[in-house]
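# Architecture and fold: a report
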Amino acid sequence: MEIVLYAIGALLALALIFGAILGFASIRFKVEGNPIVDQINEILPQTQCGQCGYPGCRPYAEAIANGDAINKCPPGGQATINTLADLLDVEPEPLDAEHGQESVTKVAFIREAECIGCTKCIQACPVDAILGAAKQMHTVISDECTGCDLCVEPCPVDCIEMRPVDITVRTWSWELPQPNHGKAGLIATDRRGQTV
Amino acid sequence: MALINSRSSISQRGRETSPHTLGQNSTQRVMNLVIMATIPGLIAQTVFFGWGTLINVLWCSLIAMGCEAAVVSLRKRSVSFYLSDCSALVTGLLLGLALPPFAPWWLSLVAVSFGMVIGKHLYGGLGQNPFNPAMLGYVLVLISFPQEMTTWLPPLGLEGHNNSLTDALFTIFPLGQGVSVDAISMATPLDVLRENKSLTINELWEANPVFDGLAGRGWMWVNLAYLAGGVFLIWRKVFTWHAPVGMLAAIAVMATLFWSGTGSDSHGSPLFHLLSGATMLGAFFIITDPVSGATSNRGRLIFGAGVGVMVYVIRAWGGYPDGVAFATLLMNMAAPTIDYYTQPRTYGHRKANKGLPKKD
Amino acid sequence: MNAIAKSPAPQHLDTQSHVSRSQVIASSERKIWPLTGGVHPEENKHQSTGCPVSVPPLPKTLVLPLSQHAGAPADPIISVGDQVLKGQMIAKASGFVSAALHAPTSGIITAIENRPIPHASGMYDLCIILDTDGQDQWCELAPVADYRQLSSEELVEKVRNAGISGMGGAGFPTAIKLAPNTTINTLILNGTECEPYITADDMLMREKAEAVIQGAEILQYMLGAQECLIGIEDNKPEAISAMRKAATGKNIYIVVFPTIYPSGGEKQLIQILTGQEVPSGKLPADLGMVVQNVGTAVSVKEAILEGKPLISRITTLTGDALATPQNVDALIGTLAEDLLHYAALKESELATLVFGGPMMGFSVDRMDIPVIKTSNCLIAATQDEFPDAPDAQACIRCGHCAEACPSSLLPQQLYWHAKAENHEQLMHHNLFDCIECGACSFVCPSSIPLVQYYRASKGAIRTQEAKHAKSERSKQRYEGRLARLEQEKAEKEAKRKANAERAAKLKAAKAAENTESDAKAEEDPIQAAIARAKARKAAAAAGSSESTPARQEPSAPSQQLSAKQKELKVQLSMAKAQAKKTERALAAAEASGNGDIEQLKSNLQMLNDQVTKLQQSFDESAQSDAANDSNKNKSAKPVLSDDEKKRKVELAMAKAALKKAERALAEAVESNNESTESFQQAVDECQAKIKSLEVVVLAPPAETAITPSADAKPSAKKAKAPLSDEAKKLKIESAMANAAVKKLQRAITSASDDELETLKQQLVEAQQKAAEMQQALDNLTNGNVGEAAVESSVSETPSAGVSASAKKAKAPLSDEAKKLKIESAMANAAVKKLQRAIASAGEDELDTLKQQLAEAEQKAADMKQALEILS
């Protein structure tokens, strides 16, 4: 009987000691990790377009952290989905078509002759990329424009259009060599996403 | 008017980048050189062990090309394009050289088709296979048909040596009256040495006619012929000296370390090991397969050394008389790891990369 | 290799101690280090070294791309049509990393436009087009007799102004390299020219060895470098001997080393000559070295000693498609076709035209591309010379590429990862240390276009990084905006609170003094506010439901628009947009199956009905037969007569005025509790409105026909229609009276107590006058609901009078609801004004004012009622 008590006592003491060590370690060696929301937010394209159904990238990041699907971001496209899948250790899924299609990068362009200076687009722009004042012609700072589309809708005269970003000599780059069909390269059914 | 019209590489093939001139090197040339370099060894083997080797080589090459063509056409690719790189031919050729001279036709068929289809094409074809296809096929039949795989013929100059072409042909292909392989077969020197428990080395050499000079009768010349072919390939810069030297050095070092004199427990002299079995064939033609080996020079040295150590270990203490195939496959598995840790130091960097990229 | 790389130091000591020795000993003694990797492509240099460098005839046109160098494109400082002289600067450097551009000969600038440029993309870029005049007349030059009199800063400035950029191929602006932040010990001149075919530097060194040495000395002086090495491959014996001769007795070493490609790369040359490696991501200057091409040295010499900017360069013309391959001293901007024809191009044999060498150059698919500062070679190759690359086979990991790589990379690994677009692994394998020399592609037995994989991957990674940087910036901007909005809101809130407190205090004070009117004073504003808010809401609802169709007008855009037409167009497009939006909303609602459909549908129905009606009346008035689909709000623009146009303009103006007033009122209402300043502002705006309305009234008044809603609301129209000259006069008078009233009112608010009485009296008189005017005007018109309401207000408060006249003047206003809305807003404004007057007025006036307030409130309520009836 005594032995049993010793055993219990010893185990209890061990439990207390290790508990204390673990508790100490958890405080002393706490790793200030980047919160997952921040990490997700880092990956999202920050267009603040709201196509995901949330009012901005951060809210969507929070939603993803709380278990929402990762495939609701058309501006980020498949690349973003893959990176998110990598981060969250889930299977990458194709983009949810309900939220839009992945398209080329675009920036807003104001047809300045038609602009009436209503400032509505300025208020709609999530990144302050539209310049102008009441009754003055507005213009888009194309370097800052995220192509979120949000200024198009409020324009009372429909003078904003989304233009694809042109490739110039300075932004041009080589493309990966085309696989030579039927030879060593890929054939149609080899392409990613089509393999069974 | 200012357009260059006769050929626009840009319009036909998409914009192609420099360089606009290419060296004379080609996969086909590499493979052709390899094939040429095996000729001395092939001749030596044919001279010492009869026509069986030559027939095997032809038969295996045929099967290899057939397998390649079949798979490629199944995958709806251009058959002529793939066959033209001669890689299938080399695989068949090497298997033909490695198999016993009188190996029956179906044995070759199993080995080659397994190597080609499972070992190469199921991994994605040329360049994608983690294992040496020839060695995969070899190991498969070695494990499955140990008896057929260990029946070597008596070499030239010994009783029972068979240099009849028809005998060889009819033994391999049951088209007519062949010879009974069991009746004429003979253990290889490595096998004899491994089985030896009582005789000292000198006694063994005298007692068994299969030994002659430094190594086995005939085997020494076969190995020297492969060595010559290998040196030719290094001279033609088909591959670097690193892997073969690594392997041969490792075998020599291991054999020296564990030589333990000439007693009955001896594993044989370093020279014996270097000139026996498939040592030279392996060192210059098997482990130099670039696809399944290590990529950097340092990596190749390590890869070769690993094979060498493994070969000796299997020969000395393993269950098989020779271990080139097993050793190669084992090191094939280690090749990616070797690659990760033997990356060269890039110009302008103080240290070489090691391991996988760090994730942060 | 590692050992070699790590032991460079002793050599430096060695060379420095031998400075005074003759060059022969020095050059023969100097140690060289081996290049890592490298290949030996067929040299093909002998073809173009047969004859001396010649000068081709002056071309008719020069095409001068603004971006001939690494960095920002130059900024043109001439305009089309300008006459320029040879050597005159025509575009200035537009940033730190940029280079100026000079006219290579005299002539006229005929255009600044996009032209094909020598670039791998085959794209167009901005070029200055210069038509030569054949005079070849130099501008004034400023040569420096003795450069040692100038500081290195001054010399660098001269180099910068001469527009010199590296002539070896990369084209980095030379001035930047010459003003490093670190101490420079070694100047290396690159005479390697390791690429096959190219002999431009070879010929330069043969023919201008003296100039190269002079340039080297100037560069050495500018950099303060103790030693100067000129590296030349041993396949140029003539150049070597010429250079050695020229360098005799100079503190310059000619270092000869075995030919191997790519020894001419900056980093590779440093490795060969010094055994040191430029650390990844750093510059040679960090090692105390500067590398310049020999051609650049000559340009620097010419810029300093002769004052000549960089306007020409030696270019190799070679390739089997040329009958006389040679080197030429070509003006920058000469088209390739001119040069090729000069070298007797066999056009039928030309298959590939390459700018630069065969290893690193790029092919172009046309010949009207100019030679630029970096164009060291043009290869007109035949099909046999540069055959099509065979189809790429599978990589067999043979490792030949790794052996050839001068940067000790693992090209085959990079290839796998590039194929998989695995950027992480590519970075891990130091993709960006690849110098794209092409040695790996050259040796690849499988003919894999490795360099293209690397270039594409580098581009993709750069794009990715740019994207990431942008998204980071977007995030910051977004967060900044959120913070700002938050702050603005908080500020507004604080302000409002402060105002409310102040008002409460004021009221309390007044209440204490004036207990009798206490209850009223405190309740009234609240009720008034409620009434106003309601009225506003109702007005807004009525306005939004009816203003849209009311504005429906044809949509064809016209070319020349006056300011007024523009305004019309604006309204037009707004109406269009709104209709579109409604339709879109409906579509969306239908798609989503939302419950709003019914409402939206009825809305749309209503809109369409109205549009139809409007269109009818519009058609009638315009006598136009334009086909029109009213459901889609599409119609062709009918031809408007001048008269109609005029009236339309008036309509638009009135609308604008109305909008302004609305906004002002809304503002005023919102800032109800705020300071009198905003009130003042509102009053000012009202005045402005009156003025604009007066203009309208003065204009021809027969709006009945044009106003779309005329038929729909006949009563409103009728009231306006018969305005005679007399009525006009009256209106003006009434407006004037109103203005007077307002002025007075303002005076009252700002006046001191003793003046109040007088002012009051004047005000009353003015009001009286205004009322009379109104009366007279009213007699001329038939009253209607709106008018009646206005009428009542006119007699009560001056501002109401103002609004009434404003109302009337606003004849072309489309519909009654709008009118009512304005009136109610006006009434509200009046109420507010009165309230404010109450707040600031003395006791004796309080009663009168209070009464007025009550009346005004009554009016506001009336308005609201009217609105409700209407809607």
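What counts and what doesn't
Residues numbered from 1 in each chain as written. Chains lettered and ligands numbered in written order. Predicted model: local features only at pLDDT ≥ 70, side-chain atom pairs only at ≥ 80, totals over all residues. UniProt positions renumbered as here; feature names shortened; annotations may be inferred. Helix = DSSP H or I, 4+ residues; strand = E, 2+ residues; numbered from the N terminus. Contact = placed C-beta atoms within 7 Å. Buried ≥ 20, exposed ≤ 12 C-beta atoms within 10 Å, placed from the backbone. Pairing = 2+ DSSP bridges. Domains from an automatic or database assignment. Nonpolar A, V, L, I, M, F, W, Y, C, P; charged D, E, K, R; others polar. pLDDT = per-residue confidence, 0-100. Axes fitted to C-alpha atoms, helices over the stretch in contact; angles between N-to-C directions. Parallel < 35°, antiparallel > 145°, perpendicular 65-115°, else oblique. Left-handed = near helix turned anticlockwise from the far one by under 90°.

An unreviewed UniProt entry annotates chain A as Ion-translocating oxidoreductase complex subunit B of Endozoicomonas elysicola. Entered under Sequence similarities (unreviewed entry) in the UniProt record, the comment concerning chain A runs "Belongs to the 4Fe4S bacterial-type ferredoxin family. RnfB subfamily." You can read under Subunit (unreviewed entry) in the UniProt record for chain A the words "The complex is composed of six subunits: RnfA, RnfB, RnfC, RnfD, RnfE and RnfG."

Bringing the overall build of chain A into the picture now. When helices and strands are tallied, chain A shows five helices and four strands. If you list the helices and strands of chain A from N to C, you get α-α-α-α-β-α-β-β-β. In chain A, 57% of the contacts between residues at least 6 apart in sequence involve partners at least 24 apart.

Turning our eyes to something else, we now look at the overall build of chain C. A count of helical and extended segments in chain C gives 28 helices and 18 strands. Looking at chain C residue by residue over its 871 residues, the buried ones come to 50%. Counting contacts in chain C only where the partners sit at least 6 residues apart, residues at least 24 apart contribute 73% of the total.

Residue and element names in this part refer to chain C. Extensive coverage of helix H13 (residues 411-419) is indicated by the burial of seven of its nine residues. Along H13, the positions that sit buried rather than exposed are Pro 411, Gln 412, Gln 413, Leu 414, Tyr 415, His 417 and Ala 418. Among the structural elements, helix H12 (400-404), helix H14 (423-428), helix H15 (439-443) and helix H16 (450-513) are those in contact with the buried residues of H13. One or two steps after H13, the chain reaches Glu 421, where phi turns positive at roughly 55°.

In this section: unusual backbone geometry. Residues and elements named next belong to chain C. At the junction of Tyr 261 and Pro 262, the peptide bond is cis and its omega measures out at 0° in the coordinates. Along the chain, the position of Pro 262 falls in the loop between strand S10 (252-257) and helix H9 (266-274). Backbone geometry places Asp 136, a non-glycine residue, at a positive phi of 55°. Relative to the helices and strands, Asp 136 is located in the loop between strand S7 (124-132) and helix H4 (152-161). Although it is not a glycine, Tyr 197 adopts a positive phi angle of roughly 75°.

With that settled, consider the sheet that holds strand S6 (residues 107-116) of chain C. Residue and element names in this part refer to chain C. Strand order in the open sheet formed by four strands is S1-S7-S6-S3, and the pairing between neighbours is antiparallel. Two strands bound the open sheet, and with one partner strand each, they are strand S1 (61-65) and strand S3 (83-84). Here nine bridges tie S6 to S7, and the two strands are oriented antiparallel to one another. Pairing of Ile 108 across the sheet is with Asp 131, part of S7.

Before going further, it helps to spend a moment on the domain arrangement of chain A. Residues and elements named next belong to chain A. You can read the domains of chain A as domain 1 (36-99) and domain 2 (104-167). For domain 1 versus domain 2, the separation of C-alpha centres amounts to 25 Å. With seven residues of domain 1 at the interface, the matching set in domain 2 holds seven residues. A per-class count over the side of domain 1 that touches domain 2 returns two nonpolar, five polar and no charged.

This paragraph deals with the UniProt feature "binding site: [4Fe-4S] cluster 1" (unreviewed entry) in chain A. All names here are of chain A. Here, the residues flagged by UniProt with the feature "binding site: [4Fe-4S] cluster 1" (unreviewed entry) are Cys 49, Cys 52, Cys 57 and Cys 73. What stands out for the annotated residues spanning 25 residues is how close their C-alpha atoms remain, the widest pair being 9.2 Å apart. Within the secondary structure, Cys 49 is located in the loop between helix H2 (36-43) and helix H3 (57-65). Classification of Cys 49 as buried rests on a count of 20 C-beta atoms within 10 Å. When neighbours within four sequence positions are excluded, Cys 49 is seen to be in contact with Pro 75, Cys 148, Asp 149 and Leu 150.

On to the interface of chain B and chain C, then. Accessible area lost on assembly of the parts is the figure often given for the size of an interface. Between chain B and chain C, the residue contacts involve 39 residues of the former and 64 residues of the latter. Only helix H1 (9-13) and helix H2 (27-37) of chain B provide two or more residues apiece to the side of chain B that touches chain C. For the side of chain B that touches chain C, the leading source of residues is H2 of chain B, giving three residues.

Before going further, it helps to examine the sheet that holds strand S5 (residues 101-102) of chain C. All names here are of chain C. With respect to topology, three strands assemble into an open sheet ordered S2-S4-S5, the strand pairing being antiparallel. In this open sheet, the two edge strands, each paired with only one partner strand, are strand S2 (75-76) and S5. Sheet analysis places S2 next to strand S4 (residues 89-92), joined by two bridges and oriented antiparallel. In the sheet register, Asp 75 faces S4, and the bridge partner there is Lys 92.

Residues and elements named next belong to chain C. Counting all residues, the mean pLDDT for chain C is 73, and 58% of those residues have values of 70 or more. Within the model, pLDDT remains below 50 along residues 1-27, and this stretch shows 31 contacts once partners closer than five positions in the same chain are excluded. Scoring the predicted complex yields pTM 0.70 and, for the interface, ipTM 0.87.

Time to look at the pairing of S7 of chain C. Alignment of S1 of chain C against S7 of chain C, held across five bridges, turns out to be antiparallel. Looking at the pairing, Pro 65 of chain C lines up with Cys 127 of chain C of S7 of chain C.

What follows concerns the UniProt feature "binding site: [4Fe-4S] cluster 3" (unreviewed entry) in chain A. All names here are of chain A. UniProt marks Cys 125, Cys 145, Cys 148 and Cys 151 with the feature "binding site: [4Fe-4S] cluster 3" (unreviewed entry), using the numbering shown here. Spatial clustering of the annotated residues is evident: they stretch over 27 residues in sequence, but the largest pairwise C-alpha distance comes to 10.5 Å. Relative to the helices and strands, Cys 145 resides in the loop between strand S3 (139-140) and strand S4 (160-164). Those residues in contact with Cys 145 that lie beyond four places of it in its chain are Val 107, Ala 108, Ala 129 and Val 140. Ignoring sequence-local partners within four residues, the contact set of Cys 148 consists of Thr 47, Gln 48, Cys 49 and Pro 126.

Attention now goes to the packing of helix H8 (residues 133-144) of chain B against helix H19 (residues 324-341) of chain B. Residues and elements named next belong to chain B. At a minimum axis separation of 9 Å, H8 and H19 run at an interaxial angle of 125°. Here H19 runs oblique to H8, going by the angle between their axes. Note on packing geometry: the crossing formed by H8 with H19 is left-handed. Residues Met 135, Leu 136, Tyr 138, Val 139 and Leu 142 of H8 form the contact with H19, whose own contacting residues are Ala 325, Phe 326, Thr 328 and Leu 329. Partitioning the contact of H8 with H19 into residue classes produces eight nonpolar, one polar and no charged.

Another aspect to go through is the packing of helix H6 (residues 87-98) of chain B against H8 of chain B. Residues and elements named next belong to chain B. Two elements in contact, H6 and H8, have axes separated by 9 Å at closest approach and are oriented at 35°. When you trace H6 past H8, the crossing you get is right-handed. Taken together, the residues of H8 that come into contact with H6 (itself represented by Thr 91, Leu 94, Leu 95 and Ala 98) are Pro 133, Ala 134, Gly 137 and Tyr 138. Here the residues of the contact of H6 with H8 are counted per class, giving six nonpolar, two polar and no charged.

Residue and element names in this part refer to chain C. In terms of burial, strand S13 (residues 326-331) is largely enclosed, as five of its six residues are buried. Pairing of strand S12 (residues 312-318) with S13 involves six bridges; the strand directions are antiparallel. The residue bridging Thr 316 from the neighbouring strand is Asn 327, located in S13.

Residue and element names in this part refer to chain C. Its location among the elements puts Cys 440 in helix H15. Judged by the 31 C-beta atoms lying within 10 Å of it, Cys 440 is buried. Spatially, the C-alpha atom of Cys 440 lies 35 Å from that of Ile 252, the residues being 188 residues apart in sequence. For Cys 440, the residues in contact, after removing those within four places along its chain, are Cys 401, Ala 404, Cys 405, Pro 411 and Leu 450.

What follows concerns the confidence of the model for chain A. Reading fine detail from the predicted coordinates is not recommended where pLDDT is low. Predicted confidence across chain A gives a mean pLDDT of 83, with 90% of residues reaching 70 or more. For residues 191-196 of chain A, every residue scores under 50 in pLDDT, and the model assigns this stretch four contacts once sequence neighbours within four places are set aside.

On to the environment of Thr 382 of chain C. Residue and element names in this part refer to chain C. For Thr 382, the location among the structural elements is in the loop between strand S16 (377-381) and H12. In this structure, the C-alpha to C-alpha distance between Thr 382 and Leu 353, residues 29 residues apart in sequence, is 8.8 Å. If we skip the residues at most four places from it in the chain, Thr 382 touches Asp 320, Ala 321, Glu 349 and Ala 351.

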